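# Summary of the model geometry
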There are 2 protein chains.
Amino acid sequence: MNTGILVLGHGSTLPYNKELVETLSGMIADQGDVVVRTAFLNMNKPVLKQGLESFAGTGVDRIVALPIFLAHGVHTMEDIPKELNLNEDKKAVTEIDGKSVEVIYAEPLGADPCIAKLAYKRAEEALSR
Amino acid sequence: MNTGILVLGHGSTLPYNKELVETLSGMIADQGDVVVRTAFLNMNKPVLKQGLESFAGTGVDRIVALPIFLAHGVHTMEDIPKELNLNEDKKAVTEIDGKSVEVIYAEPLGADPCIAKLAYKRAEEALSR
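The written sequence of each chain sets the order in which its residues are numbered from 1. Chains carry letters and ligands carry numbers; both start at the beginning, A for chains and 1 for ligands, and go up in the order they are written. With pLDDT at 70 or above as the cut-off, local features in this predicted model cover only qualifying residues; side-chain atom pairs require 80 or more to be listed or tallied, and sums for whole chains, interfaces and linings still use all residues. Working from all heavy atoms in the structure, the side-chain values ignore hydrogens and water.

The helix and strand tally for chain A stands at 4 helices and 5 strands. Secondary structure is summarised from DSSP: a helix means a run of H or I of at least four residues, a strand means a run of E of at least two, and numbering begins at the N terminus for each. In chain A, the succession of helices and strands from N to C terminus is β-α-β-α-β-α-β-β-α. Projected onto the principal axes, the alpha-carbon positions of chain A cover approximately 55 × 30 × 30 Å. Between two residues, a contact is recorded if the distance between any of their heavy atoms is within 4.5 Å. In chain A, the proportion of contacts linking residues at least 24 apart, taken out of those at least 6 apart, comes to 67%. Per-residue accessibility takes into account occlusion by the displayed protein chains alone, with areas from the Shrake-Rupley method and a 1.4 Å probe. Accessible surface computed for chain A: about 6000 Å², of which carbon and sulfur atoms make up 48%.

Right, here's the structure in full:
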């Protein structure tokens, strides 16, 4: 299977969310044989629909929609599922290059110890400033 | 120095952000000899002011305000600094138990490789669902 990952960012009027999502997308692309694209829910482009369309010509058979959000919330539970037209099983079908391609919605990052470790490092950095 | 960390969450009408921030706060408390409290910008309590007040009786000499946000944005650049009354050096002074205590604002999490790794894991989990 040719797998695509659509990295989904919140979007912002300031440039930092887009920079973060694009940097993480590059790091995600380095981790496997996957085609990575980005999209944003609000305020930045491409929007989700454009993000799905951007897999045209890549030959992907399936796409993981990967939310770069720390936790579930209204954006991940309502807005993104609605935009992606997800079914109850958190999946959808989109058409790319005239072919039906499954879209599978991933979970947000969650309370992983690596995030706590990173946060603690940010606290230490602030104290040494 | 007795160090406090005020873990700052976004807040949400759904329970997940609060759960995430509280879980991460527990993990952060396990990493050092620090007094950890939580506060939320929106929709959940304690609010930031209450979060600072909750260090009463702990004997902290300084407090790191640690935003659990992936990237800078309007919340971290405008809303939180305003609520904490930060100066240009991203510091403030608050009064706790009649004593002046420095508040030092930390950076958000940022595009760390550990987050890209965790996101990739979430994509793999979605594919095996």
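On to the packing of aromatic side chains, then. Centre distance within 6.5 Å is the pairing criterion for rings of Phe, Tyr and Trp, where only the six-membered ring of Trp is used; planes under 30 degrees apart are then read as stacked, over 60 as edge-to-face, and the remainder as tilted. Evaluated as defined, the whole model comprises 0 aromatic pairs over all chains. Working rule: Lys NZ or Arg CZ, within 6 Å of ring centre, within 35 degrees of ring normal, means a charge sits over the ring. The ring of A:Phe55 carries A:Arg37 above its face, with NZ or CZ at 6.0 Å from the centroid.

Each pair of strands is called paired provided DSSP finds at least two bridges between the two strands. Across the sheet, 5 strands lie side by side as β2-β1-β3-β5-β4 (chain B); this open sheet has mixed pairing. Every other strand in the sheet has two partners, leaving β2 (34-40) and β4 (91-96) of chain B as the edge strands with one partner each. Shown here is a sheet whose adjacent strand axes are inclined to one another by a mean of 30°, direction ignored. Taken together, the 6 bridges between strand β1 (residues 3-9) of chain B and strand β3 (residues 62-67) of chain B define a ladder with parallel strand orientation. Looking across to β3(B), one finds that B:Val7 is bridged to B:Leu66. Along the sheet, helix α4 (residues 113-127) of chain A makes contact with β1, β2, β3 and β5 (99-105) of chain B, crossing β3(B) at roughly 135°. Interaxial angle, 0 to 180 degrees, is taken between N-to-C directions of lines fitted to C-alpha atoms, where a helix line uses only the stretch in contact. Against the sheet, helix α3 (residues 74-84) of chain B touches β1, β3, β4 and β5 of chain B, its axis set at about 180° to β5(B).

In superposing the copies, a least-squares fit is computed on C-alpha atoms, taking residues whose pLDDT is at least 70 in both. You can overlay chain B on chain A at an RMSD of 0.0 Å; the transform is a turn of 180° with a shift of 0.0 Å along its axis. The two molecules are tied by a two-fold rotation axis, judged by turn and shift. Considering only C-alpha atoms, the part of chain B nearest the rotation axis is B:Cys114, at 3.2 Å. A symmetric contact is evident, with 100% of the interface residues of chain B recurring at the interface of chain A.

On to the pairing of β5(B). Residue and element names in this part refer to chain B. Direction of pairing for β3 relative to β5: parallel, over a ladder of 4 bridges. Directly across from Ala 65, in β5, lies its bridge partner Tyr 105. The pairing of β4 with β5 spans 6 bridges and is antiparallel. Note on β5: the bridge partner recorded for Ala 92 is Val 103. Linkage of β4 to β5, two consecutive antiparallel strands, is achieved through a turn of 2 residues, within which Asp 97 is found at a positive phi near 55°.

So, on to the pairing of strand β2 (residues 34-40) of chain A. Residues and elements named next belong to chain A. Within β2, 5 of the 7 residues are buried, which leaves the element mostly enclosed by the surrounding structure. One ladder, built from 7 bridges, connects strand β1 (residues 3-9) with β2; its direction is parallel. Counterpart to Val 7 in the pairing with β2 is Thr 38. Taken together, β1, helix α1 (residues 16-29) and β2 form a β-α-β motif whose crossover is right-handed. Exposure categories follow from relative accessible area, calculated using a 1.4 Å probe and restricted to protein chains: below 20% of the type maximum is buried, above 50% is exposed, and the middle band is partly exposed. With strands facing away from the observer, any crossover in which the path from the first strand over the helix to the second runs clockwise is taken as right-handed.

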